Each structure stands twice: as C-alpha cells, then as structure tokens.
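# Secondary and tertiary structure notes
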Amino acid sequence: MLILFFLLQLFSITLLGLLISFFPRKKSHNPISYPIIGCLISFYKNRHRLLDWYTELLSSSPSQTIVVGRLGAPRTIVTTNPSNVEYVLKSNFVNFPKGKPFTEILGDLLGRGIFNVDGELWSSQRKLASHEFTTRSLREFVVKVLEEEIIQKLVPILEESVLRKTTLDLQDVLKRFAFDTICMVALGWDPCCLDMSRPVPGLVRAFETAAKISAKRGSEPVFLVWKLKRLIGIGSERILEKEVKLIHGYVSEIVKNKRKKLENVIKSGGRDLLSRLLLAGHDDDTVRDMMISFIMAGRDTTSAAMTWLFWLLSENSGVENKIVDEVEGVISKKGCLNYEALQEMCYTKACLCESMRLFPPVPWDSKHAEAADVLPDGTAVRRGDRVTYFPYGMGRMEEVWGKDCLEFKPDRWFDESGGDCKVLKPISPFKFPVFQAGPRVCLGKEMAFTQMKYVVASVLSRFEIKPVGLDRPVFVPLLTAHMAGGLKVKVEKRSG
C-alpha cells in the first residue's frame with residue numbers, strides 16, 4: 001500500500017511536469033512557477049538543497065525577498081531583508097503569529113508548549129518563564145550544572161581519547177553534553193548521556209526521531225502527503241506517533257515524580273525549572289508541554305553552534321590562539337571560570353556569533369499573516385501567507401554583511417573605534433536573528449552563551465581539536481541544523 005501511495009505521488013508530479021510545457025514562463029526573481037502547481041517542480045528538484053536554492057534566489061532579488069507558491073502549501077514569502085524581519089518580529093508582531101499551519105507541523109510533539117502556541121496561551125507561559133529565567137538563583141544553578149558536567153564528564157571523555165589515541169565524533173559528544181545539561185536545568189534529572197559505557201537512553205532517540213520527522217513535514221513538496229500518512233497511520237507518521245507517545249509518557253512520569261517529591265519536602269524551593277513551575281501552581285499537562293519545548297530548544301542548538309565553531313577554528317588557527325589567550329587571561333585575573341569570568345570573554349562570544357552567522361542552529365523560521373499587509377520593501381502579503389525570515393541566507397547576503405560575508409571574521413563584531421580595547425558593537429537582532437527578536441526573543445539566549453563559552457574555554461584551554469579528513473562538512477537543516485556525518489576529530493593535549 002505504501003509503495004502504491006508513493007508511485008501515485010511520483011506519477012502525479014511527472015504528469016504535471018509534462019503539462020507545464022503548454023504554459024509560458026514569467027521572468028522574475030522568484031522560482032519558476034506555472035498555473036495551478038506554482039513552483040512545485042522547481043521545489044521538488046531542489047528539495048535536497050533548499051537552503052542554497054533560496055539563498056541564490058534571494059541574492060539575485062533587489063529586495064532580498066522572494067515569493068514561493070506551490071500546490072498543496074501556503075503561499076510563502078521568504079526574506080533576508082532586515083527591515084522586513086523587524087516588521088514581522090516586532091513592528092507588526094500581532095499580525096504575524098506562528099499560525100495554525102506551523103503549529104500543526106509541531107503540534108503532535110510540542111503540544112501546547114510555549115514554542116508552539118500564540119495569543120493568550122503564549123503570553124501567559126512567556127511571562128511565567130521570563131520571570132524564572134531572570135532569577136539569579138537559576139543563573140547560579142546553571143553554572144553549577146555546567147561545572148559538574150564539564151569537569152566530571154566532558155573533560156574525562158576527551159582525556160581518555162588523548163590517552164587511547166581514538167577518533168571521537170565531537171558533534172555526538174556535544175549533543176550528549178547538551179541533552180544532559182538541558183535535562184538537569186529543566187527537569188533536575190540526569191539522563192547520563194555522557195556515560196559512554198551505557199546505551200543512549202530511549203528518550204534521547206525518541207527526541208531525535210520525532211524532531212527529524214516533524215521537520216520533514218515542513219519540507220514535503222505537497223503538504224497533503226504527511227497529513228494523509230498521519231490519517232491512515234503509515235510510514236514516518238506511524239513512527240512519529242510512537243515516539244511522541246514515548247516522549248510524553250516519559251516526561252509526564254518525571255513531572256509526576258517531581259510533584260510527589262516537592263509535596264514531601266514542603267517549600268523546598270527546587271532549583272530546576274520544573275520544580276519552580278510546579279511550586280508556582282501549574283498543572284501537570286501545561287508543565288509537561290513547557291518542559292518538552294525547553295528540551296527541544298536546548299538539546300541541539302548549542303551543540304550545533306559549538307560543533308561548527310570547533311571546525312571553523314581548525315581552519316583558522318590564529319583565531320583559536322586568540323581564544324586561548326583570552327581564556328588564560330580571564331582565569332589568571334578571576335582565578336576560575338565563574339559567571340563573572342565568562343562575561344568578560346568577549347572575543348570568544350564574537351567567535352560564537354560569527355559561527356552562528358554562517359551556520360545558524362535554526363536556519364529559518366516562519367510566521368503566518370493574520371490579515372493582508374505590505375512589508376517595508378513593498379512585498380504584498382495576503383491573509384494566510386507564510387512569511388519566513390531566513391538567518392542562513394542573511395549570513396550570506398552582501399547587502400547585509402558586506403562583500404566578505406562568506407568569510408569567518410570574528411573581528412566584524414567589534415567596534416573599530418575602540419582602539420586596542422576591543423568592545424563588542426551592538427548588532428541589530430533583525431540583522432542577526434539567530435535568537436529571534438522582538439517579543440518572542442529567545443529567553444535562554446544568555447544561558448546559551450554561558451554554556452557555549454564555558455565549554456569552549458574548558459576544552460581549548462586543555463586540548464587541541466584536530467578534525468580527521470579534509471572534506472568540507474555539509475550543513476543539514478532539520479528543526480535544528482547539524483553537520484552531516486558528525487565531526488570526527490583527534491584530541492591532543494595542548495602544549496604549554
């Protein structure tokens with residue numbers, strides 16, 4: 001039955017391809033489109049290189065905006081124009097919610113968590129989470145978790161690799177580290193992913209599979225395909241249903257056990273996010289969905305950013321040496337890598353920003369128009385249109401970052417007027433929207449930088465990371481991007 005289903009899909013696309021020869025093509029900077037089917041043929045041909053295809057089209061567009069219309073999907077406006085991004089994410093925020101077409105894609109996995117809802121439900125969760133993320137006690141708890149995870153788990157893994165002269169998949173190690181860390185901070189639960197002697201926990205595999213299938217829903221040439229597969233319970237949708245059930249059951253059990261523990265220890269003031277939310281009086285289902293959202297946001301984003309940075313540093317030894325010098329100077333001054341020391345690591349932060357500019361953990365994000373509108377560049381928006389801002393493409397636009405936009409240059413993040421005293425210059429979040437911007441700006445932004453700086457400093461002050469192989473890594477976009485095949489490296493003790 002499944003084979004017949006896909007044969008019919010292939011036959012339909014082939015038939016449409018034959019019919020398009022009867023219609024004239026209109027010249028524009030948008031993808032080649034035809035009556036009824038829109039750009040379905042072009043989209044299908046480029047489905048495995050959508051990021052670069054969109055970037056090429058946007059580079060040739062005077063407004064840095066294109067319109068993509070295809071059969072079976074909402075009309076989509078893709079933009080790398082900072083003025084448009086600001087308009088959508090801030091100036092007219094109320095007209096551009098995530099929208100039902102987007103929330104449907106992630107609804108099975110994320111439920112009614114903060115990253116998949118709009119309106120009052122989003123606002124109430126945002127206020128609650130915003131308060132918790134700004135507390136000093138949570139910040140101190142995060143640093144304590146990082147110190148334990150890095151010193152007791154991450155560093156020993158790298159030391160063993162040095163001793164045994166083995167090849168490590170650094171991306172896999174960093175993913176495991178990030179999952180352990182976000183689970184400790186959010187749930188107060190350690191999944192022990194960095195215990196390499198144990199199999200990967202089922203929850204980790206379930207998140208990986210569910211995220212991959214959910215992301216592929218959005219890139220289907222015809223949206224009806226995944227909806228039909230879900231309706232009749234076949235293929236990837238059947239697998240997704242199974243993994244989501246596992247995730248929801250696993251996290252629900254953690255929430256239930258945490259509530260019992262808190263009831264037995266009156267006003268214990270738990271330090272993890274789950275304890276804080278339960279003590280604030282929120283019901284189990286709401287808290288479960290919020291926890292799943294936080295795990296999804298933190299599990300792969302920081303690990304992806306760090307993976308690409310370590311590869312970029314292997315190609316730019318001078319930059320790596322500057323990070324090492326900065327770390328040594330900060331430790332000499334502060335005595336250890338505490339929160340205050342991490343705040344002074346400006347050059348390391350610039351390197352992380354430059355890495356994310358070129359290889360953003362979330363390469364695109366979409367909103368949906370509640371009403372007809374006109375973007376600042378003059379692009380007409382219809383009610384129900386999907387409007388996608390595109391950080392991956394923005395990092396490759398000369399109009400946004402200059403003629404050297406494809407080069408890894410951390411110094412672009414500093415104010416040149418500062419002389420010898422380098423100061424990070426303010427960059428518009430609408431030019432660099434890797435943490436979103438406006439009312440929905442990422443609550444965990446500072447936590448993410450704290451985690452990444454702590455890892456980079458701890459690793460580079462002790463080790464040299466040397467990738468195995470000379471091939472340029474491939475950037476793969478899913479819900480969060482990753483490096484195809486991982487980052488295989490040799491680890492050596494840093495001399496001196």
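Keep in mind the model is a prediction, meaning the values are calculated, not measured.

Moving on: the sheet that holds strand β7 (residues 386-389). Spatial strand order, β1-β2-β7-β4: 4 strands in an open sheet with mixed pairing. At either margin of the open sheet sits one strand with a lone partner, and together these are β1 (65-68) and β4 (365-368). Taking each pair of neighbouring strands and ignoring which way they run, the sheet shows an average axis angle of 25 degrees. Pairing between strand β2 (residues 76-79) and β7: 4 bridges, direction parallel. Residue pairing for β7: Val 78 is matched across the bridge by Thr 388.

Running from amino to carboxyl end, helix α17 (residues 346-358) crosses helix α20 (residues 445-460) at an angle of 110 degrees, the nearest separation of the two axes being 10 Å. By the angle class used here, α17 and α20 are roughly perpendicular. Counted together, Thr 348, Lys 349, Leu 352, Cys 353 and Met 356 of α17 and Phe 449, Met 452, Lys 453 and Val 456 of α20 form the full contact between these two elements. For the contact of α17 with α20, a count of residues per class yields 6 nonpolar, 1 polar and 2 charged.

The phi dihedral of Gln 64 falls on the positive side, at around 60 degrees, and the residue is not glycine. The residue Gln 64 is located in the loop between α3 (50-60) and β1 in this model. Positive phi outside glycine occurs at Cys 192, with the angle close to 60 degrees. Looking at where Cys 192 falls in the secondary structure, it is placed in the loop between α8 (170-187) and α9 (202-218).

With that settled, the discussion passes to the sheet that holds strand β8 (residues 463-467). Spatial strand order, β3-β11-β8: 3 strands in an open sheet with antiparallel pairing. Both outer strands of the open sheet, β3 (167-169) and β8, are each paired with one neighbouring strand and no more. In this sheet, neighbouring strand axes are inclined to one another by 45 degrees on average, regardless of whether the strands run parallel or antiparallel. In the sheet, β3 pairs with strand β11 (residues 488-493) via 3 bridges, with the strands oriented antiparallel. Across the sheet, Asp 169 pairs through a bridge with Lys 488, a residue of β11. Across the face of the sheet, helix α7 (residues 136-164) comes into contact with β3, β8 and β11 while running at roughly 85 degrees to β11.

Residue position: Arg 440 is located in the loop between α19 (398-401) and α20. Given a relative accessible area of 10%, Arg 440 falls into the buried group. Side chain to side chain, Arg 440 and Asp 118 meet in a polar contact 3.1 Å long. Residue contacts for Arg 440: discarding those within four places in its chain leaves Phe 93, Lys 98, Ile 114, Phe 115, Val 117, Asp 118, Trp 122, Arg 126 and Lys 367.

A few words on the environment of Phe 359. Looking at where Phe 359 falls in the secondary structure, it is placed in the loop between α17 and β4. Sequence-wise, Phe 359 and Tyr 392 are 33 residues apart; in three dimensions their C-alpha atoms are separated by 6.5 Å. Setting aside chain neighbours within four positions, we find Phe 359 in contact with Trp 308, Trp 311, Leu 312, Arg 396, Arg 472 and Phe 475.

Separated by 350 residues in sequence, Arg 440 and Lys 90 have C-alpha atoms that sit 8.7 Å apart. A distance of 3.0 Å separates a polar atom in the side chain of Arg 440 from the backbone oxygen of Ile 114.

All right, on to the confidence of the model for the protein then. Here the protein averages 88 in pLDDT, and 92% of its residues register 70 or above. Every residue in residues 14-27 is under pLDDT 50, and counting partners more than four places away or in other chains gives 10 contacts.

Turning our eyes to something else, we now look at the packing of aromatic side chains. For the structure shown, the criterion picks out 22 aromatic pairs. Centre to centre, the rings of Phe 179 and Phe 207 are 5.9 Å apart; their planes meet at 65 degrees, and the pair counts as edge-to-face. Of the two residues, Phe 179 is situated in helix α8 and Phe 207 in helix α9; the sequence distance between them amounts to 28 residues. A residue is classified by how much of its surface remains accessible, and Phe 179, at 3% relative accessible area, is buried. Between Phe 435 and Phe 449 the ring centres are 5.4 Å apart and the planes differ by 45 degrees, which places this aromatic pair in the tilted class. Of this pair, Phe 435 sits in the loop between α19 and α20 while Phe 449 is found in helix α20, placing the two residues 14 residues apart along the sequence. Assessed through its relative accessible area of 11%, Phe 435 is described here as buried. Here a set of aromatic residues connected by ring pairs shows up, and it is made of Phe 43, Trp 53, Tyr 54, Trp 308, Trp 311, Phe 359, Trp 364, Phe 390, Tyr 392 and Phe 475.

Another point: the side chain of Asp 365. Its place among the elements puts Asp 365 in strand β4. The exposure class assigned to Asp 365 is buried, which follows from its relative accessible area of 9%. Among the polar contacts made by the side chain of Asp 365, one reaches the side chain of Lys 367 at a distance of 3.5 Å. Excluding residues within four positions of it along the chain, Asp 365 makes contact with Lys 98, Phe 102, Val 387, Thr 388, Tyr 389 and Gln 436.

The rules behind each value
- Once a new chain begins, its residue numbering starts again from 1 and follows that chain's sequence as written.
- Confidence filtering applies because this is a predicted model: local features only for residues at pLDDT of at least 70, side-chain atom pairs given and counted only at 80 or more, and all residues used for totals across whole chains, interfaces and linings.
- No hydrogens and no water enter the side-chain calculation; it runs on all heavy atoms of the structure.
- Following DSSP output, two strands are said to pair if at least two bridges run between them.
- Where helices and strands are cited, they refer to DSSP runs of H or I of at least four residues and of E of at least two residues respectively, numbered from the N terminus.
- Axes here mean lines fitted to C-alpha atoms, for a helix over just the part in contact, with angles spanning 0 to 180 degrees between N-to-C directions.
- Working definition: roughly parallel below 35 degrees, roughly antiparallel above 145 degrees, roughly perpendicular at 65 to 115 degrees, and oblique for all remaining angles.
- The criterion used for residue contact is that any of the two residues' heavy atoms lie within 4.5 Å.
- In this classification, Asp, Glu, Lys and Arg are treated as charged, Ala, Val, Leu, Ile, Met, Phe, Trp, Tyr, Cys and Pro as nonpolar, and every other residue, Gly included, as polar.
- Per-residue accessibility, obtained with a 1.4 Å probe over protein chains only, is compared with the maximum for each type, and a residue is labelled buried under 20%, exposed over 50%, and partly exposed between these values.
- N or O atoms within 3.5 Å of each other form a polar contact, as long as, within protein, one can give a hydrogen and the other can take it, and as long as residues adjacent in sequence are counted only when both atoms are side-chain atoms.
- How sure the predictor is of each residue is captured by pLDDT, a score from 0 to 100.
- In this analysis, rings of Phe, Tyr and Trp, with Trp reduced to its six-membered ring, are considered paired at centre separations within 6.5 Å, and the interplanar angle assigns stacked below 30 degrees, edge-to-face beyond 60, and tilted for intermediate values.

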